[in-house]
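Inside the fold
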Amino acid sequence: MRFEDAYLKTVNINNDSTNVKLLLPTKNEKGLLEKRMFKGLRKAKKKNDNATVNQKVTESHEFEPTLNKNDEPKVVSLVQLLSKREEKIKLFRYQIGILSSEILENPTEKLYNFQTLLNIIKKYDPDVHITVQKLVIASLLEIFKDLLPFYTIKSINDEGTKLKKETLALRNFESSLLKYYKQYLQKLEKISGVLKQKQHSQDSKKQNILLGTFAIKSMCDLLLTKPYFNFASNISHYLVPFLNNHSRSIRTLVATCFGQVFKEDKKGEISLNIVQGLNKFIKAHKNIVHMETISVMLNLRLQQIDLDKEKEVELKNHKLMAHKNRIRALSKKERKRKAKLEGIEKELLETKGNENQLKKQQNFTDIANILFTIYFRILKQASNNNVLTVCLEGLSKFSDCINIDIYQDLIHVLDGLLKQDNLTLKQRLHCIYTISIIISKQGSVLNIDPTRFYTHLYKYLLDVDIGKNNVNIEIIVKILRLLLITRRNGTQKCILAFLKRTCTMALSLHHDGTLAILTICRLVMQNYKTANILLDTDCTIGDGSYLPELDDPEYCNAHCTSLWETVALQRHYHTSVGMLSKYVASDLTDRKNNEMLTNILKLSPESILNEYEVFIGKFKPTIPFKNVNYSKNLKNLANNFDSSVYKVNLNDSFEDTYYDFYKEMKNNYRQNCIENESVN
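Residues numbered from 1 in each chain as written. Predicted model: local features only at pLDDT ≥ 70, side-chain atom pairs only at ≥ 80, totals over all residues. Heavy atoms only, no water.

With that settled, the discussion passes to the overall build of the protein chain. Within the protein chain, the regular secondary structure consists of 27 helices and 4 strands. Across the protein chain, the fraction of contacts at a sequence separation of at least 24, relative to all contacts at a separation of at least 6, is 68%. As presented, the protein chain carries roughly 41600 Å² of accessible surface, and 51% of it is formed by carbon and sulfur atoms. (Helix = DSSP H or I, 4+ residues; strand = E, 2+ residues; numbered from the N terminus. Contact = heavy atoms within 4.5 Å. Areas by Shrake-Rupley, 256 points an atom, 1.4 Å probe, with all protein chains shown as cover.)

Turning our eyes to something else, we now look at empty space enclosed by the protein. Taken as a whole and assessed by the stated rule, the structure comprises 2 cavities of 30 Å³ or more. Of the pockets and cavities examined, the largest cavity occupies roughly 40 Å³. Looking at the largest cavity, the residues that line it are Phe-92, Ile-120, Lys-123, Asp-125, Val-128, His-129 and Val-132. (1 Å grid on protein atoms, 1.4 Å probe; cavity = no way out; pocket = protein on both sides within 12 Å on 5 of 7 lines; lining within 4 Å. Points joined across faces, edges and corners; volume = space filled by probe spheres on them.)

Here we come to unusual backbone geometry. With a phi angle near 70 degrees, Phe-231 is a residue other than glycine that sits in the positive phi range. Tracing the chain through its elements places Phe-231 in the loop between α7 (206–225) and α8 (232–239). With phi around 65 degrees, Asn-287 is a residue other than glycine that occupies positive phi space. Position of Asn-287 relative to the elements: it lies in the loop between α10 (269–284) and α11 (291–295).

At a closest axis distance of 9 Å, the pairing of helix α4 (residues 113–122) and helix α5 (residues 129–147) adopts a crossing angle of 150 degrees. One element, α4, and the other, α5, form an angle in the roughly antiparallel class. By crossing handedness, the relation of α4 to α5 is classed as left-handed. Where α4 abuts α5, its residues Phe-114, Leu-117, Leu-118, Ile-120 and Ile-121 lie against His-129, Val-132, Gln-133, Val-136, Leu-140, Ile-143, Phe-144 and Leu-147. Its residues placed into classes, the contact of α4 with α5 shows 11 nonpolar, 2 polar and no charged. (Axes fitted to C-alpha atoms, helices over the stretch in contact; angles between N-to-C directions. Parallel < 35°, antiparallel > 145°, perpendicular 65-115°, else oblique. Left-handed = near helix turned anticlockwise from the far one by under 90°. Nonpolar A, V, L, I, M, F, W, Y, C, P; charged D, E, K, R; others polar.)

As a further point, take the confidence of the model for the protein chain. The pLDDT averaged across the protein chain works out to 77; a share of 69% of its residues lies at or above 70. Counting interchain partners and residues more than four positions distant, the pLDDT-below-50 stretch residues 1–17 has 25 contacts. Scored below 50 in pLDDT, residues 41–69 shows 49 contacts in the model against residues more than four places distant or in partner chains. (pLDDT = per-residue confidence, 0-100.)

Turning to α8, its buried residues number three or more, namely Ala-232, Ile-235, Ser-236, Tyr-238 and Leu-239. In an axial view of α8, the angular spread of the buried residues amounts to 165 degrees, which keeps them on one side of the axis. Taken together, the buried residues of α8 touch α6 (165–191), α7, α9 (248–264) and α10. (Buried < 20%, exposed > 50% of the residue type's maximum accessible area, 1.4 Å probe, protein only. Arc of directions from axis to C-beta.)

In total, this model carries 8 salt bridges according to the counting rule given. A salt bridge links Arg-501 to Asp-551; its shortest N-O distance comes to 3.3 Å. Of this pair, Arg-501 sits in helix α20 (residues 492–506) while Asp-551 sits in the loop between α21 (511–527) and α22 (565–568); the two residues are 50 residues apart in sequence, bridging distant segments of the chain. Taking the relative accessible area as the measure of exposure, Arg-501 reaches 2% and is therefore buried. (Salt bridge = Lys/Arg side-chain N within 4 Å of Asp/Glu carboxyl O.)

This next bit is on the packing of aromatic side chains. In the structure shown here, the tally under the stated rule is 11 aromatic pairs. Ring geometry for Tyr-181 against Phe-229: centres 5.5 Å apart, planes inclined by 65 degrees, an arrangement best described as edge-to-face. A residue pair is termed long-range when its members are at least 10 positions apart, and Tyr-181 in helix α6 and Phe-229 in the loop between α7 and α8 qualify at 48 residues. The pair Tyr-181 / Phe-229 is uniform in exposure class, with both members buried. Arranged with centres 6.4 Å apart and planes meeting at 65 degrees, the rings of Phe-372 and Tyr-375 form a pair that is edge-to-face. Of the two residues, Phe-372 and Tyr-375 are both situated in helix α14 (residues 355–381); the distance of 3 residues between them amounts to about one turn of the helix. Summarising the burial analysis for this pair, Phe-372 and Tyr-375 share the class buried. Linked through ring pairs, Phe-114, Phe-144, Tyr-180, Tyr-181, Tyr-184, Phe-229 and Phe-231 together constitute an aromatic cluster. Against the face of Phe-150 rests Lys-226, its NZ or CZ located 3.8 Å from the ring centre. (Phe/Tyr/Trp six-rings, centres within 6.5 Å; stacked < 30°, edge-to-face > 60°. Lys NZ or Arg CZ within 6 Å of the ring centre and 35° of its normal.)

Before going further, it helps to examine the environment of Val-261. You can see Val-261 is positioned in helix α9. A C-alpha to C-alpha distance of 7.8 Å links Val-261 and Pro-227, two positions 34 residues apart in sequence. Every residue in contact with Val-261, bar those within four places of it in the chain, is listed here: Leu-223, Leu-224, Ile-270, Ser-271 and Ile-274.

Turning our attention to the nonpolar core. With 162 residues, the main nonpolar core has Phe-114, Leu-239, Phe-258, Ile-294, Met-297 and Tyr-375 as its most contacted residues. Tyr-375 has contacts with Ile-294, Met-297, Leu-298, Cys-391, Gly-394, Leu-395 and Phe-398, leaving out every residue within four places of it along the chain. (Core = buried A, V, L, I, M, F, W, Y, C linked by side-chain atoms within 4.5 Å.)

With respect to the helices and strands, the residue His-129 is situated in helix α5. Ignoring anything within four residues of it in the chain, the contact list for His-129 reads Ile-121, Lys-123 and Tyr-124.

Looking now at the layout of surface pockets. If you add up the space inside the largest pocket, you get close to 480 Å³. What lines the largest pocket is a set of 21 residues, and nearest its centre among them are Ser-396, Tyr-433, Glu-474, Ile-475 and Lys-478. Those elements that provide at least two residues to the lining of the largest pocket are α15 (385–397), α17 (425–446) and α19 (473–487). Grouping the amino acids of the lining of the largest pocket by side-chain chemistry returns 6 nonpolar, 6 polar and 9 charged.

Our focus in this paragraph is helix α23 (residues 575–585). Every α-helical turn comprises 3.6 residues, leaving residues that sit three or four positions apart pointing alike. Among all positions in α23, only Ser-576, Val-577, Gly-578, Leu-580, Ser-581, Tyr-583 and Val-584 are buried. Those residues of α23 that are buried lie in contact with α21, α22 and α24 (595–601). Two residues or fewer past α23, Asp-587 is found with a positive phi of approximately 60 degrees.

Let us look at a nonpolar patch on the surface. There is a patch of nonpolar side chains on the surface, built from Leu-78, Leu-81 and Leu-82 and spanning about 320 Å² of accessible area. Mapping Leu-82 onto the fold places it in helix α3 (residues 78–105). (Patch = residues over 30% accessible without salt bridge, like charges linked within 9 Å, V, L, I, M, F, W, Y side chains within 5 Å.)

As a further point, take the packing of α21 against α23. Contact pair α21 / α23: the axes reach a minimum separation of 10 Å and the direction vectors enclose 20 degrees. Relative to α23, the element α21 lies roughly parallel. In terms of crossing hand, the pair formed by α21 and α23 is left-handed. Contact with α21, carried on its side by His-511, Thr-514, Leu-515, Leu-518, Thr-519, Arg-522 and Met-525, involves Ser-576, Val-577, Leu-580, Ser-581, Tyr-583 and Val-584 of α23 and no other residues of that element. A breakdown of the residues in the contact of α21 with α23 according to their chemical character gives 7 nonpolar, 5 polar and 1 charged.

This paragraph deals with the state of the cysteines. Applying the stated criterion across every chain yields a total of 0 disulfides. Considering cysteine sulfurs only, Cys-257 is the nearest to Cys-220, which forms no disulfide, with 4.0 Å between them. With no disulfide of its own, Cys-521 lies 3.5 Å from the sulfur of Cys-503, the closest cysteine sulfur. (Disulfide = S-S within 2.5 Å.)

What follows is the structure, given as structure tokens:
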């Protein structure tokens, strides 16, 4: 039904002169159009809308509503709109501040203010809606961080039990606090739901996305400050999918939160909960996740786990209980039996006293089992290159916690990965580092020949330089220390080859990496006295020559060369490198009571990387400032240069095909100095 038909039917206007007034026609592309004005429109509007509206409708082929002069819209400037918005925000701030301060002053009596604050979030004002929601969320966050205890509030069914007035009031307060806390978390979950969309629609404005990010940040703060309070596990499970969010800022926000929780968690409960959620999420997505989902687990505290401790405790309890039952069955005299039973009961109580410690140990053991389940699943598929890198880094970090039963299978898998061509240098180094740790700790038990892994490491040493691969120098130092210093079971040829190649690698590193490599060379020369043959330039052992391009340390004939790199490094721009290289070249004898060198010799290779790090923007030791008069020196140099140039004999200069300008200038400069001295 068209607008004019509905209008005529409603007002019942006939086409007579009393209700219709003819207007001047207008001309368009179709010709002349008649215009009529209906006088009964204002009365109809009064009846239908109960409002005073002065409006006229003109009709052509289609009715066009016209406004009276009195009904023209009022023009509002931008300054007026902003001023009005600021007034609204001030009113809301005042209201939120009053309600929040009342809760903090007297929580038990003003607990109903929580409901008022939560209701403010529901109010919709298009001008200040986003700002007011942020204010309420931030205020409630600070209130809950201040009021919530650090323990879990357990629900106790005490129906029919008479309680004291104080106890009953405390129970009611805790239950009400839990109720409002749950409602607050539900609000945050609803607000942050916009971030779960893979592609934001046009309706999802940027402000809503920022508000959702603020809600996620609030949940992260609650998890950090109250990790053992109620709903902490619910918060952690809700935040896990955001580690795989398309927004990098959100992934970083949640990863930072989980990493801090892992570092500060001493009981292992919340860490176990998060790792369980990560395991389910990664398995559901078939290991196709962002790198943050795996890298966040590198912050777990698993260094102090003893996987065999649990079995020992269980075995001890079993023996005590068996001994107790045996005494009951065999003892005949009551006193002796009672005394023995009391002794055993005391031992059992001491065992039970360690229940919390055992529970903590069990939590971290379960975390380790789940963690390695995730890593091994990724190793089998190896589909995502970035995820594989983090997986290998995690294996190298937590290899001390791996069960000895799976060492053999793990080494077999890593050996297969090293044979592939699609791995990056960092991934290969992490594979070698994991295998190195396993061999250094359990190599004698596993009967593994480490020769092929030595060859892999020897091959990749020269790939680390001052360029983009410089980040791998830290793991290189760790591997070399494990294989050459800690384990100390390589052959003489292998040790000499590694010593030569590491010195060659030191030429192309920053000064921190060069110092760390020279420290390793010093330690190798202290442990292997035969390594000093590389410092003798006149003596060679055996036949043949050194083959630096051969990637096999056993057959490269490193004993036929010398460590000339230590001489080149003595002219290094860093004074510490020059001193240490001179000390190594002197077969660890040229010390000369140098305090700086003594301090370097006390540091381990890893400590040197931290102390002399290049990217912190400092130079150690600090370069002393010298006040030099450069203008005077340049003036003297210019005068000497001009006098030297004019004294060059150009007639006899190009008799031969080769002319040494440097030699000629030097001779003329000396002659000029002699003449000046004779004149003076």
